[in-house]
Every structure is written in C-alpha cells, then in structure tokens.
Amino acid sequence: MASVEMWYSSPWTKSLPMRVKTKLGLPLKEKKLMEVKLGELPSWILMRDFTPKGIAGAFQRGYYRYYNKYINVKKGSVAGISMVLAAYVLFNYCRSYKELKHERRRKYH
Amino acid sequence: MNENLFASFATPTMMGLPIVILIIMFPSILFPSPNRLINNRLISIQQWLVQLTSKQMMTIHNSKGQTWTLMLMSLILFIGSTNLLGLLPHSFTPTTQLSMNLGMAIPLWAGTVFMGFRHKTKAALAHFLPQGTPIFLIPMLVIIETISLFIQPVALAVRLTANITAGHLLMHLIGGATLALMSISPSTALITFIILILLTILEFAVAMIQAYVFTLLVSLYLHDNT
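Residues numbered from 1 in each chain as written. Chains lettered and ligands numbered in written order. Predicted model: local features only at pLDDT ≥ 70, side-chain atom pairs only at ≥ 80, totals over all residues. Heavy atoms only, no water.

Draft legend 1. Spotlight on the overall build of chain B. Check the secondary structure of chain B and you find eight helices and two strands. Taken from the N to the C terminus, the helices and strands of chain B come in the order α-β-β-α-α-α-α-α-α-α. A burial count over chain B gives 39% of its 226 residues as buried. Of the contacts made within chain B by residues no fewer than 6 positions apart, 68% connect residues no fewer than 24 positions apart. Summed over its atoms, the accessible surface of chain B is roughly 13200 Å², and 74% of this surface lies on carbon and sulfur atoms. One way to put it: in chain B the 8 positive side-chain charges average out to a point 22 Å from where the 4 negative ones average out. (Helix = DSSP H or I, 4+ residues; strand = E, 2+ residues; numbered from the N terminus. Buried < 20%, exposed > 50% of the residue type's maximum accessible area, 1.4 Å probe, protein only. Contact = heavy atoms within 4.5 Å. Areas by Shrake-Rupley, 256 points an atom, 1.4 Å probe, with all protein chains shown as cover. Lys, Arg positive; Asp, Glu negative; His and termini not counted. Charge placed at Lys NZ, Arg CZ, Asp CG, Glu CD.)

In structure tokens:
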C-alpha cells in the first residue's frame, strides 16, 4: 500500500484545497501547531526552520498577525497599542527582577 | 536603597547579552509606515502630528535648510518617543546615557557648522564678532564667541541627559519616600503622593519639551548657517 507521502506528492493531490488536505493527511512538515498530535511534537519542533532567515520570517509573521488583527483595522482602539506597552513593561520587569527582589517588604533586609 | 537608585540607569543586559540595542529600536515598532491614502487610526494620528510639527518648525528655513526636514522630524520623533516610553514603570531610557546624547548632538551640530563654513564662509566667520563692539574688546570677544560655539554640542547633550535623569531620579526618591512614610504618618504620605502625581505630569511635559528643545536648537544652528 502506498504511504501517505507517496500518495500526497502527485500533482493532483497537491492542487487540492487546504481544508481537504488536512482531512486526508498532511506530512508532518506542513502541519500547523494545533494539528500536530502530542506524540509527534518533538519531531515537529526539530523540523522547524531555525536558520536566521527562518527566525526572521517567524518574527515578521508574528508582527503582521498582531498588526492586522488589532491596529490595521477601520476602528482601531487604544487597546491595540496598550497591549504592546503592557508587554513592554512586563519584559522590563522580568529583565530587572534580580535587582527588584531586594526591595520586597520584609522585617530584616 | 542607594545601590538600586542608580541601578535602573545601568546598561541593560539579559544573561550577559547586551539588549540595549533592542530597547533603542523598540519605538520604531510603534510607528508603522503608511501604505495607503487613508490609513488606520494610529498612522493617521501620527501623520497629523508630524505635519503639525514640521510646519511649525521648518517654515523659518530657506530651501537649503528645508532639506534637513527629514533629519529633524525623525530626531524629534525619536527623542520624544524614547522619553515618553521611559516613563513606563521599570523601563530603561536610552536618553539618560550621555554617550548616546553626545552621539546625537555632536554630528548634527558639526554638520550645521561645516555647512555654514563651506557655503557662506564670510558670514560664518562673522558670527564670531557681534556688531558694534569697541575695538579694544575684539580679541577677547572672539575668544569668548569661539568658546560659546564649541560649547553648543556639549550643552545640547548634557541638557537632555540631565533633565531626563534628574526627573527619573526625583520620581524614584519621592516614590520611595511615600512608601516609607506610609507606616509612620499617612497624611504626610498623602501629601507626598500628590507631589508624585504632579511630578509625573511634569515629567510627561518634560519628555516632550526636551525633544522639542533639542530639535529647535539644531534647527536654529542650521538657520544661522544656511
């Protein structure tokens, strides 16, 4: 019996729409995170593109996902930018936690 | 308290990696580039602000000076946004570092001076002597004017550094005083808290004003020299 990969690589099966292909079975490399089964997770993570170009692509995709959802809309609100600022405050808090640890309220410092 | 008063001004490193470059580049994320004729609200507000500021600042220049518009507008946007982001809790403000402000002030000032000397040499040299001085005062006055010329970039940088650093330091101190006073006498703590609120409003104003002053002075030096 032909394996899934062999069946998948014919020109006709490649031209099917994505919703059909996810039902029929995609190779591991092309599955999104939510479609990966738990047992396949380590091999899926190892297959991701960790070159500088891949990492830059990941940052760019994440940026545009946030931008198009919250800011680049007809009636953007203050929430779009204040979420970014809140994340910035959190990042700086984590960065300076080591010094802030000593400022906790204690009887004997 | 002494050590962690100044710890917030240390160059940020995370696990030994200098991430100060990331923090300096962070305000650029908040200014997306306009793609269309009618943009989203964030870009429209920023466009309106930039048009308002550029009209206010660049109309005094002739066509040669107006070639500096891009430089001066990006300067005021950078300094303003960096100062305002520094008012968020726990954040690091790059403009508190004298090294960075000197790096901004000296090239810009030198650019205006060299442009003046290259294009209008006689007028640029004539700046060293105010009109109508008595003859016997001329040598001393030339020396004084030279000193005041060379002190301009240092003054630009130190003004920005000192204002922002002093403001942050004052807020730390008064905040610490409010916390310490709360267990001793709550009414005094309330007064100190009101002072802190007023100081924060001042700091918001100072953040923007300092950006404006820096850019205005550079544009003034430009106006003298074009």
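Draft legend 2. Geometry of the UniProt feature "transmembrane region" (unreviewed entry) in chain A. The sites that carry the UniProt feature "transmembrane region" (unreviewed entry) are, in the present numbering, residues 76-94 of chain A. As a span, residues 76-94 of chain A carries 89% helix and 0% strand, and end to end its C-alpha atoms are 29 Å apart. (UniProt positions renumbered as here; feature names shortened; annotations may be inferred.)

Draft legend 3. Molecular detail of the nonpolar core. Membership of the largest hydrophobic core comes to 28 residues, with the highest contact counts inside it found for L75, I79, M104, L156 and F214 of chain B. At eight residues, the largest contribution of residues to this core is made by helix α5 (residues 98-119) of chain B. (Core = buried A, V, L, I, M, F, W, Y, C linked by side-chain atoms within 4.5 Å.)

Draft legend 4. Spotlight on the packing of helix α7 (residues 138-182) of chain B against helix α8 (residues 186-225) of chain B. All names here are of chain B. Taken N-terminus to C-terminus, the directions of α7 and α8 make an angle of 170°; their axes are 9 Å apart at the nearest point. Looking at the two axes, α7 sits roughly antiparallel to α8. Of the residues assigned to the contact of α7 with α8, the class counts are 20 nonpolar, ten polar and two charged. (Axes fitted to C-alpha atoms, helices over the stretch in contact; angles between N-to-C directions. Parallel < 35°, antiparallel > 145°, perpendicular 65-115°, else oblique. Nonpolar A, V, L, I, M, F, W, Y, C, P; charged D, E, K, R; others polar.)

Draft legend 5. The arrangement of the packing of aromatic side chains in detail. All names here are of chain A. In the structure shown here, the tally under the stated rule is seven aromatic pairs over all chains. Taking the centre distance of 5.2 Å and the plane angle of 70° together, the rings of Y63 and Y64 count as edge-to-face. Its relative accessible area of 31% is what places Y63 among the partly exposed residues. Among the residues examined, Y64 registers a relative accessible area of 40% and is labelled partly exposed. Pairing Y66 with Y70 gives two aromatic rings, centres 5.0 Å apart and planes at 45°, and the pair type is tilted. In this pair, Y66 and Y70 are both assigned in helix α5 (residues 52-71), four residues apart and thus about one turn of the helix distant. With a relative accessible area of 24%, Y66 lands in the partly exposed category. Each residue in the set Y63, Y64 and Y67 is aromatic and connected to the rest through ring pairs, giving one cluster. (Phe/Tyr/Trp six-rings, centres within 6.5 Å; stacked < 30°, edge-to-face > 60°.)

Draft legend 6. Geometry of a positive patch on the surface. All names here are of chain A. Together, K98, K101, R104 and R106 line one region of the surface with positive charge. As for its placement among the helices and strands, K98 is situated in helix α7 (residues 97-100). Residue classification places K98 among the exposed residues on the basis of a relative accessible area of 64%. (Patch = residues over 30% accessible without salt bridge, like charges linked within 9 Å, V, L, I, M, F, W, Y side chains within 5 Å. Salt bridge = Lys/Arg side-chain N within 4 Å of Asp/Glu carboxyl O.)

Draft legend 7. Here's a closer look at the UniProt feature "transmembrane region" (unreviewed entry) in chain B. Residues and elements named next belong to chain B. UniProt marks residues 6-31, 67-86, 98-117, 137-158, 164-182 and 189-222 with the feature "transmembrane region" (unreviewed entry), using the numbering shown here. The span residues 67-86 is 85% helical and 0% strand by assignment, and the distance between its end C-alpha atoms comes to 31 Å. For residues 164-182, helix accounts for 100% and strand for 0%, while the C-alpha atoms at its two ends are 27 Å apart.

Draft legend 8. Structural view of the interface of chain B and chain A. Taken together, the 20 residues of chain B in the interface contact 21 residues of chain A. Interface of chain B and chain A: buried area, both sides summed, is about 1900 Å²; carbon and sulfur atoms make up 68% of it. On the chain B side of the interface with chain A, the three residues burying the most area are N40, R41 and H90 of chain B, jointly 30% of the side's total. Counting across the interface, chain B meets chain A through four residue pairs in polar contact (both at pLDDT 80 or more). Sorting elements by how many residues they give to the side of chain B that touches chain A places helix α3 (residues 41-58) of chain B first, with three residues. (Buried area = accessible area lost by both parts, 1.4 Å probe. Polar contact = N/O pair within 3.5 Å; in protein donor to acceptor, adjacent residues only side chain to side chain.)

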